[in-house]
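Observations on the model geometry
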Amino acid sequence: MVVAPGSAIGAALIALPLDPLENRILLCHATGLTRVQLITRSDRALTADEAARLDALVARRLQGEPIAYIVGTREFFGLDFAVSDAVLIPRPDTELIVELALERLPQAMPARLLDMGTGSGAIAVAVAHTRPDARVTALDVSAAALDVARGNAAANGAQVRFLQSDWFAALDAAERFEVIASNPPYIASGDVHLSQGDLRFEPVGALTDHADGLAALRILIDGAPAHLVDGGWLLLEHGYDQAAAGRALLAARGYGDVRSWQDLAGIERVSGGRFPA
């Protein structure tokens, strides 16, 4: 056992073998204490049940399982999102596409956004929470992912219409949106990153297109014009080295104002354009 029953909270924090932040997260999860209480109650002894839970949590992390899956939640855009192995873990990089979408949604109605491949619902719920007047639709091919997304919308008081759909298939032909946003699978088949770190535990179908990494981007770029209002925006998250390819695909399809935006690390993480040019 990593930490013995009866050990003080403060001593347990020092004894745990993980990164200090991860130690705090797992100790909070095992004991039900807040981070502040870890300090104010540092002399409190761990019960046998708490020590056993902590030991199991640490063992899972040492096997490489992501912290978000272990504790079942991840913060995104200031909101708490439940996560499971049915969905990707929301990442700070994706907050960029939420910010870009909010900037491009009209202040006056109609203000309609479509989130394609919603997963945990991170993009759709963040937009709907910030703009409760907007009409937000989110779709995903995975029923399990949609169950997670619906729960996150309810927990955060966000009004989102969810559809199970293989990309555009379930949409009415006449539906139009001011903004279409997506964080699609964009890792190429066989990429070494799929067998490293947290990605080993995440749903492979949400990570890779099982092709060259651009297959989903092509589907979205080709299909979005039929569901955009005149001058509507398509915003796509992509890999660190795919911005130039994304811009070329957008321009070839007739989008205007084509550009890419950098994330906090200075990487071109989102590309988009307006249709028609």
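For the structure, see preceding data.
Anyway, here's the lowdown on the structure attached to this text. (Residues numbered from 1 in each chain as written. Predicted model: local features only at pLDDT ≥ 70, side-chain atom pairs only at ≥ 80, totals over all residues. Heavy atoms only, no water.)

**A few points about the sheet that holds strand S5 (residues 160–164)**
The seven strands are arranged S5-S4-S3-S6-S7-S9-S8 in an open sheet whose pairing can be described as mixed. Two strands close off the open sheet at either side, each with one partner strand: S5 and strand S8 (256–262). Shown here is a sheet whose adjacent strand axes are inclined to one another by a mean of 15°, direction ignored. Two elements, strand S3 (residues 112–116) and strand S6 (residues 177–182), share four bridges in a ladder whose sense is parallel. Looking across to S6, one finds that Leu114 is bridged to Ile180. Contacts from helix H6 (residues 95–104) reach S3, S6, strand S7 (228–237), S8 and strand S9 (268–275), with the element oriented near 165° to S7. Sitting on the sheet, helix H10 (residues 215–223) touches S3, S6 and S7, and the angle it makes with S7 is about 170°. (Pairing = 2+ DSSP bridges. Helix = DSSP H or I, 4+ residues; strand = E, 2+ residues; numbered from the N terminus. Axes fitted to C-alpha atoms, helices over the stretch in contact; angles between N-to-C directions. Contact = heavy atoms within 4.5 Å.)

**Let's talk about the packing of H6 against helix H7 (residues 122–130)**
Where H6 contacts H7, the axes come no closer than 10 Å and their chain directions differ by 45°. Taken together, the axis directions place H6 and H7 in an arrangement best described as oblique. The element H6 and its partner H7 pack so that their crossing is right-handed. Across the interface between the two elements, Ile97, Val98, Ala101 and Leu102 from H6 touch Ile123, Ala126, Val127 and Thr130 from H7. Looking at the contact of H6 with H7 residue by residue, the class counts come to seven nonpolar, one polar and no charged. (Parallel < 35°, antiparallel > 145°, perpendicular 65-115°, else oblique. Left-handed = near helix turned anticlockwise from the far one by under 90°. Nonpolar A, V, L, I, M, F, W, Y, C, P; charged D, E, K, R; others polar.)

**Quick notes on the layout of surface pockets**
Taken as a whole, the largest pocket spans an internal volume of roughly 1100 Å³. For the lining of the largest pocket, the leading source of residues is helix H9 (residues 204–207), giving three residues. For the lining of the largest pocket, a count of residues per class yields 24 nonpolar, 14 polar and 10 charged. (1 Å grid on protein atoms, 1.4 Å probe; cavity = no way out; pocket = protein on both sides within 12 Å on 5 of 7 lines; lining within 4 Å. Points joined across faces, edges and corners; volume = space filled by probe spheres on them.)

**Topic: unusual backbone geometry**
Residues apart from glycine generally show negative phi values, whereas peptide bonds are mostly found in trans. With an omega of 5°, the peptide bond running from Met109 to Pro110 counts as cis. Within the element layout of this structure, Pro110 appears in the loop between H6 and S3. Omega for the peptide link from Phe275 to Pro276 comes to -5°, which places this bond in the cis form. A positive phi angle, near 50°, is found at Trp167, a position not held by glycine. Tracing the sequence through the fold places Trp167 in the loop between S5 and S6. For Trp167, a relative accessible area of 17% gives the class buried. (Buried < 20%, exposed > 50% of the residue type's maximum accessible area, 1.4 Å probe, protein only.)

**Section: the packing of H10 against helix H11 (residues 243–253)**
Across the interface, H10 lies against H11 with an axial gap of 10 Å and an inter-helix angle of 25°. The angle between H10 and H11 places the two elements in the roughly parallel class. For the element pair H10 and H11, the recorded crossing hand is right-handed. Across the interface between the two elements, Arg218, Ile221 and Asp222 from H10 touch Gly246, Leu249, Leu250 and Arg253 from H11. Across the contact of H10 with H11, the residue classes break down as three nonpolar, one polar and three charged.

**Comments concerning the packing of aromatic side chains**
When we look at a pair of aromatic rings, we describe it by the centre distance and by the angle of the planes. For the structure on display, the rule yields four aromatic pairs. Each ring, one from Tyr255 and one from Phe275, has its centre 5.1 Å from the other, and the planes form 65°; the classification is edge-to-face. In this pair, Tyr255 sits in the loop between H11 and S8 while Phe275 sits in strand S9, placing the two residues 20 residues apart along the sequence. Assessed through its relative accessible area of 4%, Tyr255 is described here as buried. Cluster of aromatic residues (ring-pair linked, three or more members): Phe76, Phe77 and Phe81. Above the face of the Trp233 ring, Arg104 is positioned so that its terminal group lies 4.6 Å from the ring centre. (Phe/Tyr/Trp six-rings, centres within 6.5 Å; stacked < 30°, edge-to-face > 60°. Lys NZ or Arg CZ within 6 Å of the ring centre and 35° of its normal.)

**A word on the nonpolar core**
Counting residues in each nonpolar core, the largest one holds 34 residues, and the members touching the most others are Val98, Val127, Val136, Val160 and Leu235. Contributing elements (two or more residues each) for this core: strand S2 (79–82), H6, H7, strand S4 (135–140), helix H8 (143–155), S5, S6 and S7. In this structure Val98 touches Phe76, Phe77, Ile123, Ala126 and Val127, once residues within four positions along its chain are discounted. Residues Leu114, Phe177, Leu236 and Tyr255 belong to the second largest nonpolar core, which totals 21 residues. (Core = buried A, V, L, I, M, F, W, Y, C linked by side-chain atoms within 4.5 Å.)

So, to be careful, I would describe these as geometric facts and stop short of saying anything about function.
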